[in-house]
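Chains, contacts and geometry: an overview
Next come the chains, spelled out residue by residue.
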Amino acid sequence: MIATTPVQAPFLSGLLLGASLIIAIGAQNAFVLRQGLLRSHRFAVALFCALSDAALIAAGVGGLGVAIGQHPRMLAVVACAGALVLAWYGIKALRRALHPEVLTPDTHGATASQWRVLAACAGFTWLNPHVYLDTVLLIGSLASAWPVPGPRTLFAIGAATASFTWFFGLAYGARLLAPLFRKPLAWRVLDVSIALVMWGIAGKLMLSFLAH
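In this report, we go over the structure that sits alongside the text. (Residues numbered from 1 in each chain as written. Predicted model: local features only at pLDDT ≥ 70, side-chain atom pairs only at ≥ 80, totals over all residues. Heavy atoms only, no water.)

1. Structural notes on the overall build of the protein
This is how it is decided: Every helix listed is a DSSP run of H or I at least four residues long, and every strand listed is a run of E at least two residues long, numbered separately from the N terminus. We call a residue buried when its accessible area falls under 20% of the maximum for its residue type, exposed when it is over 50%, and partly exposed in between, using a 1.4 Å probe and counting protein chains only. Each accessible area is a Shrake-Rupley result for a 1.4 Å probe, and residues are judged covered by the shown protein chains and nothing else.
The number of helices and strands found in the protein is nine helices and zero strands. Counting helices and strands in the order they occur from the N terminus, the protein gives α-α-α-α-α-α-α-α-α. By residue count, 41% of the 212 residues in the protein fall in the buried class. Taken as a whole, the protein presents about 11000 Å² of accessible surface, with 73% of it coming from carbon and sulfur.

Written out as structure tokens, the structure is:
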């Protein structure tokens, strides 16, 4: 077993927790993967997602998680708004599946403006209550086990490092799948999968909204 120093322990704990939460199939990851395959605004999308996670982690570690936990109705409102956004983008993904693309050199450029892409990314990030439950509430509550300010700050840095590593790896590593996505069928499967993921998350969000 490799021994860890007092400095390494909170950082590694945050890194492993952040990785376990972020490496999952979801609307945000599906969106980043698609932009990576298209090589469209990859840096901006990865940076936006990573910085958003870092801000939410900092807020959770700073005590926002406790405040949100005391106002469940606020999460319910966000759940409803997020469900509508995800349902709409699910419909758009299904429409793309009916007219699939082919990954050729001329599709590597931006097919949508950077601001439109980032606006969509913001919806997946900030209108998803699971982001607040995982990133703010869970990480914030577990961070309280570490004393302030040093170890708790290192814990937050570790969790944020996992986000930066994952999003940039996903955005730029998607190029390894480029040969597969030169076939329209691959795009059809991807977009149908994205639609199902988004509708599934939207359904769960609506159920949570109705429960409140």
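2. Some details on the environment of Leu47
Topologically, Leu47 is positioned in helix α3 (residues 42–61). According to the relative accessible area criterion, Leu47 is partly exposed, its value standing at 28%. Separated by 121 residues in sequence, Leu47 and Phe168 place their C-alpha atoms 7.5 Å apart.

3. As for helix α8 (residues 150–173)
Basically, it comes down to this: Expected helix span is taken as 1.5 Å per residue step, with the number of steps being one fewer than the number of residues.
Under the 1.5 Å per step criterion, the end-to-end length of α8 is 33 Å for 24 residues, consistent within 8% with the ideal 34 Å. Residues Arg152, Phe155, Ala156, Gly158, Ala159, Ala160, Ala162, Ser163, Phe167, Leu170 and Ala171 constitute the buried set of α8.

4. Quick notes on the packing of α3 against helix α6 (residues 114–126)
Helix-helix packing: each pair is described by the crossing angle between the helix axes and the interaxial distance. So the rule is basically this: Only the contacting stretch of a helix is used when fitting its axis, a line to C-alpha atoms as for every element, and angles between N-to-C directions run 0 to 180 degrees. Note on convention: the crossing is left-handed when the near helix lies turned anticlockwise from the far helix by less than a right angle, right-handed when the turn is clockwise. Two residues qualify as a contact provided that any one of their heavy atoms is within 4.5 Å of a heavy atom in the partner residue. Under this grouping Gly is polar, as are all residues other than the nonpolar Ala, Val, Leu, Ile, Met, Phe, Trp, Tyr, Cys and Pro and the charged Asp, Glu, Lys and Arg.
Direction vectors running N to C along α3 and α6 enclose 30 degrees, while the axes themselves pass 10 Å from each other. Crossing hand, α3 versus α6: right-handed. Across the interface between the two elements, Ala44, Val45, Phe48, Cys49, Ser52 and Leu56 from α3 touch Gln114, Val117, Leu118, Cys121, Ala122, Thr125 and Trp126 from α6. Residues of the contact of α3 with α6, tallied by class, amount to ten nonpolar, three polar and no charged.

5. Description of the packing of α3 against helix α7 (residues 129–143)
Stated precisely, the cut-off is as follows: An angle below 35 degrees is read as roughly parallel, one above 145 as roughly antiparallel, one from 65 to 115 as roughly perpendicular, and any other as oblique.
Between α3 and α7, the least distance of the axes is 7 Å, while the angle of their chain directions is 45 degrees. One way to sum up the angle between α3 and α7 is to call them oblique. Our pair here, α3 against α7, has a crossing hand that is right-handed. Packed against α3, whose contacting residues are Asp53, Leu56, Ile57, Gly60 and Val61, the element α7 presents Val131, Tyr132, Thr135, Val136, Ile139, Gly140 and Ala143 at the interface. Across the contact of α3 with α7, the residue classes break down as eight nonpolar, three polar and one charged.

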